[in-house]
Amino acid sequence: MSRDDRDPPRGWTRRDFLRSGAVAGVAGSFLAHPLAGNQQESKPKRVAGVEVLGPGPVPVALRVNGETYRLRLEPRVTLLDALRDRIGLTGSKKVCDQGTCGACTVLLDGEPAYACSVLALEVGDATIETVEAIGDPESLHPLQTAFVEADAQQCGFCTPGFVVATKALLDRDPKPSPERISEALAGNFCRCGTYGGIRTALTGPAGPGKETDHG
């Protein structure tokens, strides 16, 4: 392997190289996924007086980041899969897919929720907010900037979920105590162990809970 294959581009420091990757992590991914192929739509049926949907696609409307998406989804499709595979919002990460790690955290009417544990049909009229709505690589939210400055990420898979959960916390409590931070982020898991950096991002001198307005 040549030196050019191993090292960051000439003229960059190691910190510059890592920071560029960190920005992509805290802002989520903006690569669109292809739409699913057309399938025959199922008409609702009634069994013992109860309306039964599926197993084929049924109409679903999702209000995501200020826009309404009208989709045809099988009833088994989770909100996470709908966001990633049908809408192309891939910032919410599919990691454990069991509702235990928090990498897929989104906001439903302002409250954190695991998108992998909610069926798209269950969302109803709730307002959905993903990490893409918080900021993007060209215009980071102060919270995302604080994550980058505090090195509050490594592999980046958990970072979008932490950013979304932290945004919900700061909206309720702009200057949370360390105990409140631990409580609010208990549902998010970082395999790289960057919890110290995350706390610094929230409580450090330049953290959004201090001198910088997070709204």
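As the structure is a prediction and not an experimental result, all values here were calculated from the model. (Residues numbered from 1 in each chain as written. Predicted model: local features only at pLDDT ≥ 70, side-chain atom pairs only at ≥ 80, totals over all residues. Heavy atoms only, no water.)

Read from one edge to the other, the open sheet built from five strands follows the order 4-3-7-5-6, with strand pairing classed as mixed. Edge positions in the open sheet fall to strand 4 (67-73) and strand 6 (111-114), since each of these has one partner strand only. Between one strand axis and the next, the sheet turns through 40° on average, direction left out of account. Pairing of strand 3 (residues 58-64) with strand 4, which is carried by seven bridges, proceeds in the antiparallel orientation. Note on strand 4: the bridge partner recorded for A61 is R70. Here helix 3 (residues 79-87) sits on the sheet and contacts strand 3, strand 4, strand 5 (105-108) and strand 7 (127-129); the angle it forms with strand 4, its principal contact strand, is near 100°. Packing of helix 6 (residues 159-172) onto the sheet brings it into contact with strand 5 and strand 6, and relative to strand 5 it is tilted by some 35°. (Pairing = 2+ DSSP bridges. Helix = DSSP H or I, 4+ residues; strand = E, 2+ residues; numbered from the N terminus. Axes fitted to C-alpha atoms, helices over the stretch in contact; angles between N-to-C directions. Contact = heavy atoms within 4.5 Å.)

The subject of this paragraph is the packing of helix 5 (residues 142-149) against helix 6. Running from N to C, helix 5 and helix 6 cross one another at 125°; their axes reach a closest spacing of 10 Å. Accordingly, the angle class assigned to the pair helix 5 and helix 6 is oblique. As for the relative orientation of helix 5 and helix 6, their crossing is right-handed in sense. Seen from helix 5, the contacting residues are L143, Q144 and F147; seen from helix 6, they are T159, F162, V163, T166, K167 and L170. Residues of the contact of helix 5 with helix 6, tallied by class, amount to five nonpolar, three polar and one charged. (Parallel < 35°, antiparallel > 145°, perpendicular 65-115°, else oblique. Left-handed = near helix turned anticlockwise from the far one by under 90°. Nonpolar A, V, L, I, M, F, W, Y, C, P; charged D, E, K, R; others polar.)

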